[in-house]
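Each chain, written out:
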Amino acid sequence: MTDAKRAARERIRLEAVGRFESGAKNREIAAALRVSERSVERWHRQWRERGEEGVRSKGSPGRPRLSADQIAKPERELERGPLAHGWADQRWTLARVKTLIGRLFHVGYTVEGTWRLLKRHGWSWQQPARRAIERDDEVVEEGGVAAGKSTAAARGAWIVCEDEASQSLRPPRARSWGRIGQTPVVRVRGRGSGRVSMAGMVCCRRGDRSRLIYSFRVHRGRKGEPKGFTWQDCRDLIVRAYNQLKGPIVLVWDNLRTHLMPQMKDFIAANEDWLTVFHFPSYAPDLNPQEGIWSLVKRAIGNLAAANLDQLAAAVKRSLKKTQYRPHLIDGCLIGTGLTLTS
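J.: Pulling in residues and values, what's your account of the packing of aromatic side chains?
T.: If you walk through the whole model with that rule in mind, you get four aromatic pairs. Relative to Trp92, the ring of Trp87 has its centre 5.6 Å away and its plane inclined at 70°; by these criteria the two rings are edge-to-face. Exposure remark for Trp92: the relative accessible area of 3% places this residue in the buried category. On the numbers, 5.9 Å between centres and 55° between planes, the contact of Trp125 with Trp177 is tilted. Remark: Trp177 occurs in strand 4 (residues 176-179) and Trp125 occurs in strand 1 (residues 123-126); sequence separation between them is 52 residues. Residue class for Trp177 comes out buried when judged on its relative accessible area of 6%.

Spelled out as structure tokens, the structure:
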């Protein structure tokens, strides 16, 4: 609260004191001053106990704020970016700003106090000026059931939703604190054609803990190296899911070309006793809970200043591993699609 606002509130309390002395009722005073009756009751109690001094302002209850000269220093450090202060990504959060102020001046601020400090000096929570790069998977306009019979769709089967994604060294954008009117700029490494390809499966069954099974591949742009997941990789991921889930699988995925290759169709037909495959409608990410998992991964690596693909792969794997141990996040991704499990 500014000094002007504090003085205005003190004038209201002193006016209430004058009405106390004249014998006015608390309800009448609250209506006249346009304040709550509970506040008037508190002022009345303080006035009875300590007189007029009891309702006067005690000044700012917090620690001394930084002066105008002092605030210039953390502002310069904020403009240098989080990388210059040892953080892995380029996102200023309130906790990080609080830590920075403590390092510079050895002054302890709360998170709320840090928010008020930034707001007061012209900073806001903004989206950086950069667009995230995401590979568009090639799809084939061929819907309907790919293969499989009703055997695996029997009661007790796992519903498995699969999807692929990729991430380059140019990280997704994440909000950060910056000066009002000046969009913060995220510095990214755009060299090279490498990327991290990911494939994941959200596995759900009524009465069981939801699971996430994933695989990822680092593509470094070398000659002859696969640029993404092949049908063999998809096959191996399905087999690994079957071995871990120990039950029949109803697999639902999109119409990616890899999913529609003849070899994949032969594999599905050869294992129809435990595997049934359905396809999502063409480009329907809102129906696939695995898209929610990718959103969590993108959020975790937002503004990440990865020096190389190995560091990016480690960050992606760490995010996926954390999600595996949090089934409620997987359930939330399923709920976000609007779909429900039925018996």
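J.: Help me get a handle on the side chain of Gln167, residues and values and all.
T.: Looking at where Gln167 falls in the secondary structure, it is placed in strand 3 (residues 158-168). Accessibility expressed as a relative area gives 2% for Gln167, which makes it buried. In terms of polar contacts, Gln167 uses its side chain to reach the side chain of Lys298, at 2.8 Å. With residues up to four places along the chain from it excluded, the contact list for Gln167 reads Pro172, Arg195, Val196, Met198, Lys298, Ile301 and Leu312.

J.: Provide a residue-level description of the nonpolar core, including the pertinent values.
T.: With 24 residues, the main nonpolar core has Met198, Ile293, Leu312, Val316 and Leu320 as its most contacted residues. When contributions to this core are tallied by element, the ones reaching two or more residues are strand 5 (195-204), strand 6 (211-219), helix 9 (290-300), helix 10 (309-324) and helix 11 (327-336). Examining the composition of this core, we find that six residues originate from one element, helix 10, more than from any other. Leave out the neighbours within four places in its chain, and Met198 touches Asp163, Glu164, Ala165, Ser166, Gln167, Ser215, Phe216, Phe229, Trp294, Val297 and Val316. Listed in part, the 22 residues of the second largest apolar core include Val160, Ile238, Leu245 and Trp253.

J.: How would you sum up the packing of helix 1 (residues 3-21) against helix 2 (residues 26-33)? Please name residues and give values.
T.: It is at 11 Å that the axes of helix 1 and helix 2 come closest, and there the two elements cross at 145°. Helix 1 and helix 2 meet at a crossing whose hand is right-handed. From helix 1, Ile12, Glu15, Ala16, Arg19 and Phe20 reach across to helix 2, where they touch Asn26, Ile29, Ala32 and Leu33. Residues belonging to the contact of helix 1 with helix 2 are distributed by class as follows: six nonpolar, one polar and two charged.

J.: Go over the state of the cysteines with me, naming the residues and quoting the values.
T.: Tallied over the full model, the rule gives zero disulfides. Free of any disulfide, Cys203 has its nearest cysteine sulfur in Cys204, 7.3 Å distant. On the basis of relative accessibility, which here comes to 0%, the residue Cys203 falls in the buried class. No disulfide involves Cys204; its nearest neighbouring cysteine sulfur is the one of Cys161, lying 6.8 Å away.

J.: Can you lay out the pattern of salt bridges for me, pointing to particular residues and giving the numbers?
T.: Here the structure, examined in full by the defined rule, presents twelve salt bridges. Among the ionic pairs, Arg116 bridges to Glu112, the shortest N-O distance being 3.1 Å. One end of the pair, Arg116, and the other, Glu112, are both in helix 6 (residues 111-120), four residues apart, so they sit about a helical turn from each other. Ionic pairing is found between Asp310 and Arg220, a salt bridge with its closest N-O pair at 2.6 Å. Here the residue Asp310 occupies a position in helix 10, and Arg220 occupies one in the loop between strand 6 and helix 7 (231-245), the gap between them amounting to 90 residues. You can call Asp310 partly exposed: its relative accessible area is 45%. Here Arg220 falls in the partly exposed class, since its relative accessible area comes to 34%. One network of salt bridges, with partners in common, ties together Glu10, Glu52, Glu53 and Arg56.

Rules used in this analysis
Residues numbered from 1 in each chain as written. Predicted model: local features only at pLDDT ≥ 70, side-chain atom pairs only at ≥ 80, totals over all residues. Heavy atoms only, no water. Phe/Tyr/Trp six-rings, centres within 6.5 Å; stacked < 30°, edge-to-face > 60°. Buried < 20%, exposed > 50% of the residue type's maximum accessible area, 1.4 Å probe, protein only. Helix = DSSP H or I, 4+ residues; strand = E, 2+ residues; numbered from the N terminus. Polar contact = N/O pair within 3.5 Å; in protein donor to acceptor, adjacent residues only side chain to side chain. Contact = heavy atoms within 4.5 Å. Core = buried A, V, L, I, M, F, W, Y, C linked by side-chain atoms within 4.5 Å. Axes fitted to C-alpha atoms, helices over the stretch in contact; angles between N-to-C directions. Left-handed = near helix turned anticlockwise from the far one by under 90°. Nonpolar A, V, L, I, M, F, W, Y, C, P; charged D, E, K, R; others polar. Disulfide = S-S within 2.5 Å. Salt bridge = Lys/Arg side-chain N within 4 Å of Asp/Glu carboxyl O.

Read these as spatial facts, not as claims about activity.
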